[in-house]
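# Chain and residue survey
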Amino acid sequence: MNTFLAIVIAILAVMVVVSLVKGIVAFLQTTRLDLEGGEERVKMMQERQNRAMFARIKYQAAAIAVVALLLLIAR
């Protein structure tokens, strides 16, 4: 069981990093578009950035819950 939970934690950590990178890329693209003045595309990129960062928060919360479960089982 401990091995399974450790694998789940590793998968969630990878998902956190992927969603973080997606959010940063969306942020950088939004900043460039702000300078160019594309209002509709800026709004779309900001929504994409928000979705990526919210996904990161969900994966982090899931990873914390799995770590807490692992600690409870290891007791």
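Residues numbered from 1 in each chain as written. Predicted model: local features only at pLDDT ≥ 70, side-chain atom pairs only at ≥ 80, totals over all residues. Heavy atoms only, no water.

### Focus: the overall build of the protein
Along its length, the protein carries two helices and zero strands. In terms of principal-axis extent, the alpha carbons of the protein reach across some 55 × 15 × 10 Å. Total accessible area on the protein stands at roughly 5500 Å², and carbon and sulfur atoms take up 69% of it. Each charge sign in the protein was given a centre, from 9 positive and 5 negative side chains, and these centres are 15 Å apart. (Helix = DSSP H or I, 4+ residues; strand = E, 2+ residues; numbered from the N terminus. Areas by Shrake-Rupley, 256 points an atom, 1.4 Å probe, with all protein chains shown as cover. Lys, Arg positive; Asp, Glu negative; His and termini not counted. Charge placed at Lys NZ, Arg CZ, Asp CG, Glu CD.)

### Quick look at helix α2 (residues 39-74)
Helix length check: α2, at 36 residues, gives a terminal C-alpha distance of 53 Å against a target of 52 Å (1.5 Å per residue), a fit within 8%. Among the residues making up α2, those that are buried are Val 42, Met 45, Gln 49, Ala 52, Met 53, Ala 55, Ala 63 and Val 66. (Expected span 1.5 Å × (residues − 1). Buried < 20%, exposed > 50% of the residue type's maximum accessible area, 1.4 Å probe, protein only.)

### Digging into the environment of Ala 52
Examined against the element boundaries, Ala 52 turns out to sit in helix α2. Exposure remark for Ala 52: the relative accessible area of 12% places this residue in the buried category. For the pair Ala 52 and Gly 23, spaced 29 residues apart in sequence, the C-alpha separation works out to 5.0 Å. When residues no more than four places from it in sequence are discounted, the contact partners of Ala 52 are Ser 19, Lys 22 and Gly 23. (Contact = heavy atoms within 4.5 Å.)

### Let's talk about the environment of Met 44
When you line up the elements, Met 44 lands in helix α2. Separated by 39 residues in the primary sequence, Met 44 and Leu 5 have C-alpha atoms spaced 37 Å apart.

### Section: the environment of Phe 54
You can see Phe 54 is positioned in helix α2. A relative accessible area of 51% places Phe 54 in the exposed class. Between the alpha carbons of Phe 54 and Thr 3 there is a distance of 28 Å; along the sequence they are 51 residues apart.

### Regarding the UniProt feature "transmembrane region" (unreviewed entry) in the protein
The sites that carry the UniProt feature "transmembrane region" (unreviewed entry) are, in the present numbering, residues 6-28 and 53-74. Note that residues 53-74 is 100% helix and 0% strand, and that its end C-alpha atoms are spaced 31 Å apart. (UniProt positions renumbered as here; feature names shortened; annotations may be inferred.)

### A look at a positive patch on the surface
A grouping of Lys 22, Arg 41, Arg 48 and Arg 51 is seen on the molecular surface, where their side chains present a positively charged patch. Among the elements that take part in the positive patch, α2 stands out by supplying three residues, more than any other. Relative to the assigned elements, Lys 22 resides in helix α1 (residues 2-36). (Patch = residues over 30% accessible without salt bridge, like charges linked within 9 Å, V, L, I, M, F, W, Y side chains within 5 Å. Salt bridge = Lys/Arg side-chain N within 4 Å of Asp/Glu carboxyl O.)

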